[in-house]
Amino acid sequence: MGSRALAAGHRVSAREALLRASNYYRTAEFYRRDDPANDPEVKHLSTLSRETFAAAAALTDTPVEAVTIPYEDISLPGYLFLVDESGAPRPTVIFTSGFDSTLEEAYFAVAAAALRRGYNVLAYDGPGQGAALREQALVFRPDWEAVVTPVVDYALTRAEIDPDQLVLLGYSLGGYLTARAAAHEHRLAALIMDDGLYNYYDAHTQVMPPFLREWVVHDSAVRFP
(Lines give C-alpha, C1' and ligand atoms only; values in the text may rest on other atoms or scores of the structure.)
Protein backbone atom coordinates (compact mmCIF):
# COMPACT_ATOMS: atom_id res chain seq x y z
CA MET A 1 0.00 0.00 0.00
CA GLY A 2 2.79 2.40 0.88
CA SER A 3 4.65 1.71 -2.34
CA ARG A 4 1.50 2.20 -4.42
CA ALA A 5 0.66 5.43 -2.62
CA LEU A 6 4.17 6.75 -3.17
CA ALA A 7 4.06 5.86 -6.87
CA ALA A 8 0.79 7.76 -7.13
CA GLY A 9 2.31 10.82 -5.46
CA HIS A 10 0.44 10.48 -2.16
CA ARG A 11 3.29 11.28 0.21
CA VAL A 12 1.35 11.32 3.51
CA SER A 13 -0.53 8.11 2.79
CA ALA A 14 2.70 6.44 1.72
CA ARG A 15 4.46 7.49 4.90
CA GLU A 16 1.67 6.30 7.16
CA ALA A 17 1.35 2.93 5.41
CA LEU A 18 5.11 2.35 5.52
CA LEU A 19 5.20 3.20 9.22
CA ARG A 20 2.44 0.67 9.85
CA ALA A 21 4.30 -1.91 7.78
CA SER A 22 7.47 -1.35 9.80
CA ASN A 23 5.62 -1.89 13.04
CA TYR A 24 3.79 -4.96 11.71
CA TYR A 25 7.08 -6.57 10.67
CA ARG A 26 8.59 -5.72 14.06
CA THR A 27 5.62 -7.29 15.83
CA ALA A 28 5.78 -10.43 13.68
CA GLU A 29 9.46 -10.83 14.54
CA PHE A 30 8.67 -10.30 18.22
CA TYR A 31 6.70 -13.54 18.39
CA ARG A 32 9.32 -15.80 16.80
CA ARG A 33 11.26 -16.69 19.92
CA ASP A 34 11.92 -20.43 19.69
CA ASP A 35 15.44 -19.84 18.35
CA PRO A 36 15.71 -16.26 17.10
CA ALA A 37 19.49 -16.30 16.68
CA ASN A 38 19.22 -19.09 14.10
CA ASP A 39 15.81 -18.39 12.60
CA PRO A 40 16.19 -16.94 9.06
CA GLU A 41 12.64 -15.56 9.21
CA VAL A 42 13.61 -13.47 12.25
CA LYS A 43 16.42 -11.80 10.34
CA HIS A 44 14.19 -11.36 7.27
CA LEU A 45 11.39 -9.71 9.25
CA SER A 46 13.86 -7.53 11.14
CA THR A 47 15.36 -6.35 7.85
CA LEU A 48 11.92 -5.58 6.40
CA SER A 49 11.00 -3.59 9.51
CA ARG A 50 14.13 -1.47 9.17
CA GLU A 51 13.78 -1.02 5.41
CA THR A 52 10.15 0.09 5.53
CA PHE A 53 10.92 2.49 8.37
CA ALA A 54 13.81 4.00 6.42
CA ALA A 55 11.48 4.49 3.46
CA ALA A 56 8.92 6.19 5.72
CA ALA A 57 11.59 8.36 7.35
CA ALA A 58 12.45 9.82 3.96
CA LEU A 59 8.86 11.09 3.73
CA THR A 60 8.54 12.80 7.12
CA ASP A 61 7.85 16.52 7.49
CA THR A 62 10.84 16.96 9.82
CA PRO A 63 14.43 15.83 9.19
CA VAL A 64 15.36 12.24 10.06
CA GLU A 65 19.00 11.21 9.76
CA ALA A 66 20.39 7.69 9.99
CA VAL A 67 23.55 7.93 12.12
CA THR A 68 26.44 5.70 13.11
CA ILE A 69 27.57 5.93 16.73
CA PRO A 70 31.15 4.89 17.56
CA TYR A 71 31.17 2.12 20.17
CA GLU A 72 34.34 0.38 21.32
CA ASP A 73 36.04 -0.77 18.09
CA ILE A 74 32.77 -0.95 16.12
CA SER A 75 29.61 1.18 15.92
CA LEU A 76 25.93 1.21 16.81
CA PRO A 77 23.08 2.15 14.44
CA GLY A 78 20.92 5.13 15.28
CA TYR A 79 18.46 7.74 14.09
CA LEU A 80 18.53 11.44 14.86
CA PHE A 81 15.06 12.98 14.65
CA LEU A 82 15.34 16.77 14.33
CA VAL A 83 12.71 19.42 15.00
CA ASP A 84 13.74 21.37 11.89
CA GLU A 85 16.63 22.11 9.56
CA SER A 86 17.74 25.30 11.34
CA GLY A 87 20.74 23.71 13.06
CA ALA A 88 19.79 25.48 16.29
CA PRO A 89 20.81 23.56 19.45
CA ARG A 90 17.74 22.08 21.11
CA PRO A 91 16.96 19.91 24.11
CA THR A 92 17.31 16.30 23.04
CA VAL A 93 15.93 12.98 24.27
CA ILE A 94 18.30 10.01 24.05
CA PHE A 95 16.05 7.00 23.61
CA THR A 96 17.11 3.62 25.00
CA SER A 97 14.74 0.85 23.99
CA GLY A 98 13.96 -2.38 25.82
CA PHE A 99 14.42 -6.12 25.72
CA ASP A 100 12.62 -6.73 22.41
CA SER A 101 12.41 -3.13 21.25
CA THR A 102 14.16 -1.47 18.33
CA LEU A 103 15.42 2.02 17.60
CA GLU A 104 12.73 2.39 14.93
CA GLU A 105 10.15 1.94 17.67
CA ALA A 106 11.39 5.24 19.12
CA TYR A 107 9.35 7.14 16.58
CA PHE A 108 6.09 5.66 17.86
CA ALA A 109 7.08 5.64 21.54
CA VAL A 110 8.39 9.18 21.91
CA ALA A 111 9.82 10.92 18.83
CA ALA A 112 6.57 11.94 17.13
CA ALA A 113 5.36 13.61 20.34
CA ALA A 114 8.76 15.03 21.33
CA LEU A 115 9.29 16.72 17.97
CA ARG A 116 5.97 18.55 18.29
CA ARG A 117 7.17 19.92 21.62
CA GLY A 118 10.54 21.17 20.41
CA TYR A 119 12.73 18.21 21.41
CA ASN A 120 15.11 16.35 19.13
CA VAL A 121 15.38 12.60 19.66
CA LEU A 122 18.50 10.47 19.31
CA ALA A 123 17.60 6.76 19.22
CA TYR A 124 20.02 3.85 19.01
CA ASP A 125 20.19 0.08 19.12
CA GLY A 126 22.48 -1.02 21.92
CA PRO A 127 23.94 -4.50 22.41
CA GLY A 128 21.12 -7.06 22.54
CA GLN A 129 18.69 -4.81 20.67
CA GLY A 130 17.43 -4.51 17.11
CA ALA A 131 20.05 -4.45 14.38
CA ALA A 132 22.91 -4.54 16.89
CA LEU A 133 21.70 -8.02 17.83
CA ARG A 134 20.37 -9.27 14.50
CA GLU A 135 23.16 -7.93 12.26
CA GLN A 136 26.15 -7.62 14.60
CA ALA A 137 25.39 -10.41 17.10
CA LEU A 138 26.00 -8.02 20.02
CA VAL A 139 24.34 -9.30 23.20
CA PHE A 140 23.16 -7.43 26.30
CA ARG A 141 25.65 -6.28 28.91
CA PRO A 142 24.83 -5.20 32.48
CA ASP A 143 27.21 -2.20 32.60
CA TRP A 144 25.03 -0.04 30.37
CA GLU A 145 27.07 3.04 31.17
CA ALA A 146 29.58 1.58 28.71
CA VAL A 147 26.87 2.00 26.06
CA VAL A 148 25.29 5.30 27.06
CA THR A 149 28.56 7.21 27.46
CA PRO A 150 29.58 6.68 23.79
CA VAL A 151 26.06 7.73 22.76
CA VAL A 152 26.40 10.93 24.81
CA ASP A 153 29.86 11.47 23.33
CA TYR A 154 28.32 11.31 19.87
CA ALA A 155 25.42 13.57 20.82
CA LEU A 156 27.84 16.26 21.92
CA THR A 157 29.44 16.31 18.47
CA ARG A 158 26.17 17.51 16.96
CA ALA A 159 25.54 21.25 16.75
CA GLU A 160 21.78 20.61 16.76
CA ILE A 161 21.94 19.16 20.28
CA ASP A 162 22.11 21.42 23.33
CA PRO A 163 24.81 19.87 25.59
CA ASP A 164 23.12 21.22 28.72
CA GLN A 165 19.69 19.75 27.94
CA LEU A 166 20.21 16.05 27.40
CA VAL A 167 17.39 13.78 28.61
CA LEU A 168 18.03 10.04 28.89
CA LEU A 169 14.83 8.03 28.44
CA GLY A 170 14.70 4.31 29.15
CA TYR A 171 11.76 2.39 27.65
CA SER A 172 10.67 -0.96 29.13
CA LEU A 173 13.89 -2.82 30.03
CA GLY A 174 15.62 0.43 29.10
CA GLY A 175 14.16 1.81 32.33
CA TYR A 176 16.41 -0.62 34.18
CA LEU A 177 19.48 -0.12 31.98
CA THR A 178 19.38 3.67 32.02
CA ALA A 179 19.13 3.87 35.81
CA ARG A 180 22.55 2.32 36.15
CA ALA A 181 23.94 4.29 33.20
CA ALA A 182 22.83 7.60 34.73
CA ALA A 183 24.64 6.76 37.96
CA HIS A 184 27.89 6.88 35.98
CA GLU A 185 27.14 9.41 33.22
CA HIS A 186 26.95 12.94 34.69
CA ARG A 187 26.34 14.98 31.54
CA LEU A 188 22.61 14.33 31.63
CA ALA A 189 20.09 16.99 32.64
CA ALA A 190 17.29 14.50 33.30
CA LEU A 191 16.46 10.81 33.46
CA ILE A 192 13.10 9.22 32.57
CA MET A 193 12.51 5.54 33.33
CA ASP A 194 9.40 4.28 31.56
CA ASP A 195 9.04 2.11 33.42
CA GLY A 196 11.62 1.79 36.16
CA LEU A 197 12.66 -1.69 37.28
CA TYR A 198 14.33 -2.23 40.63
CA ASN A 199 15.00 -5.93 40.08
CA TYR A 200 14.75 -7.49 36.61
CA TYR A 201 14.51 -11.01 38.01
CA ASP A 202 11.64 -10.12 40.33
CA ALA A 203 9.78 -8.35 37.53
CA HIS A 204 9.41 -11.72 35.81
CA THR A 205 9.19 -14.23 38.64
CA GLN A 206 6.62 -12.32 40.72
CA VAL A 207 3.98 -12.82 38.03
CA MET A 208 4.74 -16.51 37.49
CA PRO A 209 2.87 -19.37 39.11
CA PRO A 210 5.15 -21.03 41.71
CA PHE A 211 5.55 -24.22 39.66
CA LEU A 212 6.72 -22.26 36.60
CA ARG A 213 9.19 -20.25 38.66
CA GLU A 214 10.61 -23.51 40.03
CA TRP A 215 11.03 -24.88 36.50
CA VAL A 216 12.92 -21.75 35.42
CA VAL A 217 15.21 -21.81 38.44
CA HIS A 218 15.86 -25.54 38.03
CA ASP A 219 16.57 -25.18 34.30
CA SER A 220 18.95 -22.30 34.93
CA ALA A 221 20.81 -24.30 37.56
CA VAL A 222 21.23 -27.18 35.12
CA ARG A 223 22.39 -24.95 32.26
CA PHE A 224 24.59 -22.65 34.29
CA PRO A 225 25.87 -24.62 37.31
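Provided above is the structure to which this section pertains.
Residues numbered from 1 in each chain as written. Predicted model: local features only at pLDDT ≥ 70, side-chain atom pairs only at ≥ 80, totals over all residues. Heavy atoms only, no water.

**Brief notes about the environment of V167**
Our working rule: Secondary structure elements are taken from DSSP: a helix is a run of H or I of four residues or more, a strand is a run of E of two residues or more, and numbering for both begins at the N terminus. We call two residues in contact whenever any of their non-hydrogen atoms come within 4.5 Å of each other.
Structurally, V167 can be placed in strand β5 (residues 161-171). For V167 and L191, which are 24 residues apart along the polypeptide, the C-alpha to C-alpha distance reads 5.8 Å. Not counting residues up to four positions away in its chain, the partners in contact with V167 are T92, V93, I94, A190 and I192.

**Here we look at the layout of surface pockets**
The line we're drawing: In this analysis, the protein atoms alone were mapped onto a 1 Å grid. Cavities are point sets where a 1.4 Å probe fits without being able to get out; pockets are open sets with protein on both sides within 12 Å along at least five of seven lines; lining residues have an atom within 4 Å of a point. Grid points are joined across faces, edges and corners, and a volume is the space filled by probe spheres set on the points. Amino acids outside the nonpolar list (Ala, Val, Leu, Ile, Met, Phe, Trp, Tyr, Cys, Pro) and the charged list (Asp, Glu, Lys, Arg) are all regarded as polar, and Gly is one of them.
Of the pockets and cavities examined, the largest pocket occupies roughly 430 Å³. R33, F99, D100, L133 and R134 are, among the 22 residues lining the largest pocket, the residues nearest its centre. Only α2 (11-30), α3 (40-57) and α5 (130-134) provide two or more residues apiece to the lining of the largest pocket. At four residues, the largest contribution of residues to the lining of the largest pocket is made by α5. A per-class count over the lining of the largest pocket returns seven nonpolar, seven polar and eight charged.

**Notes on the pairing of strand β2 (residues 74-81)**
We count it as follows: In this description, strands pair whenever DSSP reports at least two bridges between them.
With eight bridges joining them, strand β1 (residues 64-71) and β2 adopt antiparallel strand pairing. What sits directly across from E65, in β2, is L80. In sequence, β1 turns back onto β2 through a hairpin of two residues, with E72 there showing a positive phi of about 50°. Judged from the four bridges that link them, β2 and strand β4 (residues 120-124) form a sheet pairing that is antiparallel.

**Some thoughts on the sheet that holds β2**
Applied cut-off: Here an angle of 0 to 180 degrees is reported between the N-to-C directions of two axes, which are lines fitted to C-alpha atoms, with helices fitted over the stretch in contact.
Taken in spatial order, the six strands of this open sheet run β1-β2-β4-β3-β5-β6, and their pairing is mixed. A strand with exactly one partner marks an edge of an open sheet, and here the two such strands are β1 and β6 (190-194). Strand-to-strand twist across the sheet, computed as the mean angle between neighbouring axes with direction ignored, equals 25°. Sheet topology places strand β3 (residues 90-96) next to β4; five bridges connect them, and they run parallel. By the bridge assignment for β4, I94 is matched with L122. Across the sheet, helix α4 (residues 105-116) is in contact with β2, β3, β4 and β5; its angle to β4 comes to roughly 165°.

So yeah, pure geometry; function would need other evidence.
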